[in-house]
Amino acid sequence: MRTGTAPSAAYDDLPYTRGGAVDRADVGVLVQSAVDGDAAAWKALVEGLSPLVWSVVRAHRLSDADAHEVYQTVWFRFAQHLGRIREPQKAGAWLASTARHESLKVLRSLRRLTPTDDAQLLDRASEDRTPEQSVIDSEDAAAQTERVRRLWQEFEELGERCRQLLRVLMATPPPSYQEVAAALGIAVGSIGPLRQRCLRRLRARLEGAL
Amino acid sequence: MNETDDERLGGEEGPAEDLAEDLAEGLLDELRQAAAILDPVPAELRRSAVEAYALRDLDARLAELTFDSLVDAIPVRGVTDAPRMLTFRSGDVTVDVEVTGQGLLGQVLPPQSASIEVLSGRPAASPTTLTADDLGRFTSDAPPAGPFALRLRTGGQLVVTEWLRA
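Below: a short report on this structure.

Topic: the state of the cysteines
Residue and element names in this part refer to chain A.
Thought 1: Applying the stated criterion across every chain yields a total of one disulfide over all chains.
Thought 2: Linked covalently through their sulfurs, Cys162 and Cys198 form a disulfide whose S-S length is 2.2 Å. Looking down the S-S bond of the Cys162 and Cys198 bridge, the torsion is -80°, so its handedness is left-handed. With Cys162 in helix α8 (residues 160–169) and Cys198 in helix α10 (residues 188–206), the pair connects residues that are 36 residues apart, well separated along the chain.
Thought 3: Owing to a relative accessible area of 0%, Cys198 belongs among the buried residues under this scheme.

So, in structure tokens, the structure goes:
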């Protein structure tokens, strides 16, 4: 029996995942334990893979309400499918792919309800969060707050493709390339170069070069 | 910022890029911290995902979504409020469901009576219960809000549909 504390889930030994890397076989073990009735293993899966699911949903710029519903749908469905997932060690990719498909369905239904162009559609995210609400309220934190705010602003203003990729990559713990590929419907081989390019672009923005 | 541009730059990774890897990783770490502050997984959502485990229906057979008009049907030009048509299947039992702004309409096939619970994403709320008539038809005048699943008891079988957001 496992304890209730979550081991971090998953991740490839790809270079950028250094640090919090955990043997990715753990995900498969946790799935199997959960199938066998271990609620703590399930909790560990939720703790380890929630940020990935949330990142995928946010990468698609869903509104808060839609994002909540998609996140729930994905986890409810994962619970239903738990014993039928063919490759338990790829549960992260399963979740990422399901989150992507459900996010795309939401975008499609919005498009049908209100004939609108993508630009308008894409403007409707993150209505009611301000950095000031979330960041520790102390004077020492002010400079840090400003830096985080600036970073986030520049990130939000990246091109759609870079914004999506980075939103998924910044999940904690870092997702594997396989999960990122499932989350965005792109080839694993394209992630590395695209990641380099997007981070380069973000740095340029931060340095005021753009 | 177009595909061609992406590929051209993407193909140019060389020694200079390798040197930049530490910087790139540092920037990504900063983004990760920023996301944890500015756009974390809402705590109540995390809780509902944890609770989903206890709500698993181990006795029921899973009816998988085999048709979704949102994905599988071609929209009719000018029709913006077409109902969402869904088909779930488990073995020999098929459930057709139509979701509109007014409610929910469906049929169990082969035609048979059934008792149907509409499960929602709020476990605290008691599920709506519907009854399918001898022809398997059922209706509800409340459209599901948020994620939902149907739990059917029919002919000694217990079937639950995949969760879906209507």
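Alright, that's what it looks like, and here's the rest.
A look at the packing of aromatic side chains
Thought 1: Under the defined criterion, the tally for this structure stands at nine aromatic pairs over all chains.
Thought 2: Measuring from centroid to centroid gives 6.4 Å for Tyr71 of chain A and Trp75 of chain A, while their planes differ by 50°, and the two rings are tilted. You can see Tyr71 of chain A and its partner Trp75 of chain A sitting in helix α3 (residues 64–81), four residues apart, about one turn around the helix.
Thought 3: The structure contains a cluster of three or more aromatic residues connected by ring pairs, namely Trp42, Trp54, Tyr71, Trp75, Phe78 and Trp94 of chain A together with Tyr53 of chain B.

Re the pattern of salt bridges
Thought 1: A full pass over the atoms with the stated rule returns 26 salt bridges over all chains.
Thought 2: One salt bridge in this structure joins Lys90 of chain A and Glu87 of chain A, with 3.2 Å as the shortest N-O distance.
Thought 3: What makes Glu87 of chain A partly exposed here is its relative accessible area of 39%.
Thought 4: Among the salt bridges present, the one from Glu117 of chain B reaches Arg151 of chain B, with a minimum N-O distance of 3.0 Å. Within this pair, whereas Glu117 of chain B is found in strand β5 (residues 114–120), its partner Arg151 of chain B is found in strand β8 (residues 147–154), the two being separated by 34 residues in sequence.
Thought 5: Here Arg151 of chain B falls in the buried class, since its relative accessible area comes to 17%.
Thought 6: Among the ionic contacts, a cluster of salt bridges with common partners joins Arg77, Glu102 and Lys105 of chain A together with Asp68 and Arg84 of chain B.

Conventions adopted
- Residues numbered from 1 in each chain as written.
- Chains lettered and ligands numbered in written order.
- Predicted model: local features only at pLDDT ≥ 70, side-chain atom pairs only at ≥ 80, totals over all residues.
- Heavy atoms only, no water.
- Disulfide = S-S within 2.5 Å.
- Helix = DSSP H or I, 4+ residues; strand = E, 2+ residues; numbered from the N terminus.
- Buried < 20%, exposed > 50% of the residue type's maximum accessible area, 1.4 Å probe, protein only.
- Phe/Tyr/Trp six-rings, centres within 6.5 Å; stacked < 30°, edge-to-face > 60°.
- Salt bridge = Lys/Arg side-chain N within 4 Å of Asp/Glu carboxyl O.

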